[in-house]
Amino acid sequence: MNDKRISTTSIDSAFAKELQPVYVVSRHGYSRRFLSRSAAISNLAHYMVTKTFHRAGLNTNEPDEPVFSNGILVNRMGQHTQQYLFAHNRCMRRIRRILERKRETQKWLEKWDAMHDRYVKDVEALQSCKPDGVK
């Protein structure tokens, strides 16, 4: 999108669709490619929420659990906290809402351009056949 009327926002730099059927997500030093839109949105939300939780000093996962694997005691990472899951879902809803708003804005601008082009064409047609005595 090279339309100067739509401001380039951080969502544009964080969530982009390339010419191939691939979505590229890059945020907070992470960058990955995804084939599905939903996976891309989910991972973008994960990057954003994880960074926010680390800045706030909150845990994203429950404490590690010691378990035996092949006779060796290892630590298994705990499940995501309920607070993290709620924040992740909120973030995904907000990303979808922002993308929907951008789509609606783009559709409106296309309609505006069509109307403006018709108006300019009509004004030029009227100006070309204007009588000499009319100001």
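In the block above lies the structure referred to throughout.
Residues numbered from 1 in each chain as written. Predicted model: local features only at pLDDT ≥ 70, side-chain atom pairs only at ≥ 80, totals over all residues. Heavy atoms only, no water.

1. Here's the deal with the packing of aromatic side chains
Under the definition given, this model contains three aromatic pairs. Considering the side-chain rings of Phe53 and Tyr84, the 6.0 Å spacing of their centres and the 85° angle between planes classify their relative orientation as edge-to-face. One end of the pair, Phe53, is in helix H2 (residues 37–56); the other, Tyr84, is in helix H3 (residues 82–128), with 31 residues separating them in the sequence. With relative accessibility at 6%, the residue Phe53 sits in the buried group. Tyr84 gets classed as buried once you look at its relative accessible area, which sits at 3%. Relative to Trp112, the ring of Trp108 has its centre 5.7 Å away and its plane inclined at 15°; by these criteria the two rings are stacked. You can see Trp108 and its partner Trp112 sitting in helix H3, four residues apart, about one turn around the helix. (Phe/Tyr/Trp six-rings, centres within 6.5 Å; stacked < 30°, edge-to-face > 60°. Helix = DSSP H or I, 4+ residues; strand = E, 2+ residues; numbered from the N terminus. Buried < 20%, exposed > 50% of the residue type's maximum accessible area, 1.4 Å probe, protein only.)

2. Digging into the environment of Ala40
One can find Ala40 in helix H2. Overall, Ala40 belongs to the buried group, its relative accessible area being 0%.

3. Structural notes on a nonpolar patch on the surface
On the surface, Trp108, Trp112, Met115, Tyr119, Val120 and Val123 cluster together into a nonpolar patch covering about 560 Å² of accessible area. Summarising the element assignment, Met115 is placed in helix H3. The exposure class assigned to Met115 is partly exposed, which follows from its relative accessible area of 32%. (Patch = residues over 30% accessible without salt bridge, like charges linked within 9 Å, V, L, I, M, F, W, Y side chains within 5 Å. Areas by Shrake-Rupley, 256 points an atom, 1.4 Å probe, with all protein chains shown as cover. Salt bridge = Lys/Arg side-chain N within 4 Å of Asp/Glu carboxyl O.)

4. As for unusual backbone geometry
The phi angle of most residues is negative, glycine excepted, and most peptide bonds adopt the trans form. One non-glycine residue, His28, lies in the positive phi region at around 50°. Although it is not a glycine, Asn70 adopts a positive phi angle of roughly 55°. For Asn70, the location among the structural elements is in the loop between strand E4 (65–69) and strand E5 (72–76).

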